[in-house]
Structure formats: structure tokens, C-alpha cells
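The primary structure of each chain is shown beneath.
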Amino acid sequence: MADNHGSSPAAWTAVVIAIIAIVVGGVALVFSPINWVMFWIGVGLLAVAGMAGKVMSAMGLGIAIEHSSGQSHEQPSEQPSEQPSAQPGEQRG
């Protein structure tokens, strides 16, 4: 299990922007009539939150995700194949 629970600058930035986006979009829906411009600004901010998180993670400000095998997403390991390849003219059986 992860010791850090994904707490990184990339994650926090994305979450803060997403919360602001949801508040902006939600407030827009409360107005009568609905303020569609403000609502779509909130939707746009939500997309910005996802992009900001991905970009910051790619810049090294995220946390590498460990799998149960101990490998991370950011550094895939090269493992040789256990089965030898067949030479031309040979058949595997």
C-alpha cells in the first residue's frame, strides 16, 4: 500500500483547481436564469485541472505509482523473454 496516498504537488494542484471549477459551475446553476457562460467556465476549469495534474506529474512533481510487482509506471523494466525464439527453419512443438 502506498505510504504517501498520492500526496504530491501535482495532485494537490489538480484537486484545488477541480474544487474551484465545481464551485464555479455549481454557483452558475443556482442563478435564475442559469448563467451558462459561468457554467462552461467551470467545465473548462475542470479540464484545466486534469491537464495541470498530468503536466506537473510529467515534470516530476507527481508520485510514481507502485504496482504489487514493485514496478512503477514511470520506469518500466526490460525483462528478457523466458522462451527462446525459434531459429529459421525450426518448429516449436
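In what follows, the accompanying structure is described. (Residues numbered from 1 in each chain as written. Predicted model: local features only at pLDDT ≥ 70, side-chain atom pairs only at ≥ 80, totals over all residues. Heavy atoms only, no water.)

**Quick word on the overall build of the protein chain**
Under the convention used in this document: By the criteria applied, helices consist of DSSP H or I runs no shorter than four residues and strands consist of E runs no shorter than two, each listed in order from the N terminus. Should any heavy atoms of two residues lie within 4.5 Å, those residues are counted as being in contact. Only the protein chains shown count as cover for residues, and all accessible areas are computed by the Shrake-Rupley method using a 1.4 Å probe.
Regarding its fold elements, the protein chain presents two helices and zero strands. For the protein chain, restricting intrachain contacts to residue pairs at least 6 apart in sequence, the fraction spanning at least 24 positions comes to 47%. A total of about 7,500 Å² of accessible surface is found on the protein chain, and carbon and sulfur atoms cover 64% of it.

**Structural notes on the side chain of S8**
We apply this condition: Burial here depends on accessible area, computed with a 1.4 Å probe over protein chains only, as a share of the maximum for the residue type. Under 20% is buried, over 50% is exposed, and the range in between is partly exposed.
Among the secondary structure elements, S8 is positioned in the segment before α1 (9-30). On the basis of relative accessible area, S8 is assigned to the buried category, the value being 5%. The residues contacting S8, other than those within four sequence positions of it, are L61, G62 and I63.

**Quick notes on a nonpolar patch on the surface**
Where we set the bar: Excluding any residue in a salt bridge, patches collect residues exceeding 30% relative accessible area, merging like charges within 9 Å and nonpolar Val, Leu, Ile, Met, Phe, Trp and Tyr side chains within 5 Å. One side-chain nitrogen of Lys or Arg within 4 Å of one carboxyl oxygen of Asp or Glu is enough to make a salt bridge.
Judged by side-chain polarity, V15, I19, V23, V27 and F31 come together as a nonpolar surface patch covering roughly 410 Å² of accessible area. Turning to its location among the elements, V23 is positioned in helix α1. Of the residues examined, V23 reaches a relative accessible area of 48% and is grouped as partly exposed.

**Side note on the packing of α1 against helix α2 (residues 36-61)**
As a reminder, the rule being used: Only the stretch in contact is used when fitting a helix axis, every axis being a line fitted to C-alpha atoms; angles between N-to-C directions are given from 0 to 180 degrees. When an angle is under 35 degrees it counts as roughly parallel; over 145 it counts as roughly antiparallel; between 65 and 115 it counts as roughly perpendicular; any other value is oblique. Here the nonpolar group is Ala, Val, Leu, Ile, Met, Phe, Trp, Tyr, Cys and Pro; Asp, Glu, Lys and Arg are the charged ones; every other residue, Gly included, is treated as polar.
The interhelical angle for the contact between α1 and α2, taken along N-to-C directions, is 175°, at an axis separation of 7 Å. What the angle tells us is that α1 and α2 run roughly antiparallel. Here the contact of α1 with α2 is composed, by residue class, of 20 nonpolar, five polar and no charged.

**What to know about the packing of aromatic side chains**
Going by this rule: Side-chain rings of Phe, Tyr and Trp, where Trp is taken by its six-membered ring, are said to pair if the distance between their centres is within 6.5 Å; with planes under 30 degrees apart they count as stacked, over 60 as edge-to-face, and otherwise as tilted.
A complete count under the given rule lists two aromatic pairs for this structure. Ring geometry for W36 against F39: centres 5.6 Å apart, planes inclined by 85°, an arrangement best described as edge-to-face. Here W36 pairs with F39, and both are found in helix α2, just three residues apart, close to one helical turn. Here F39 and W40 contribute two aromatic rings whose centre-to-centre distance is 5.1 Å and whose plane-to-plane angle is 80°, an arrangement assigned as edge-to-face. For W40, a relative accessible area of 52% translates into the label exposed.

**Things to note about the environment of A58**
Relative to the helices and strands, A58 resides in helix α2. For A58, a relative accessible area of 70% translates into the label exposed. Remark: the alpha-carbon pair of A58 and A10, spanning 48 residues in sequence, is separated by 9.2 Å.

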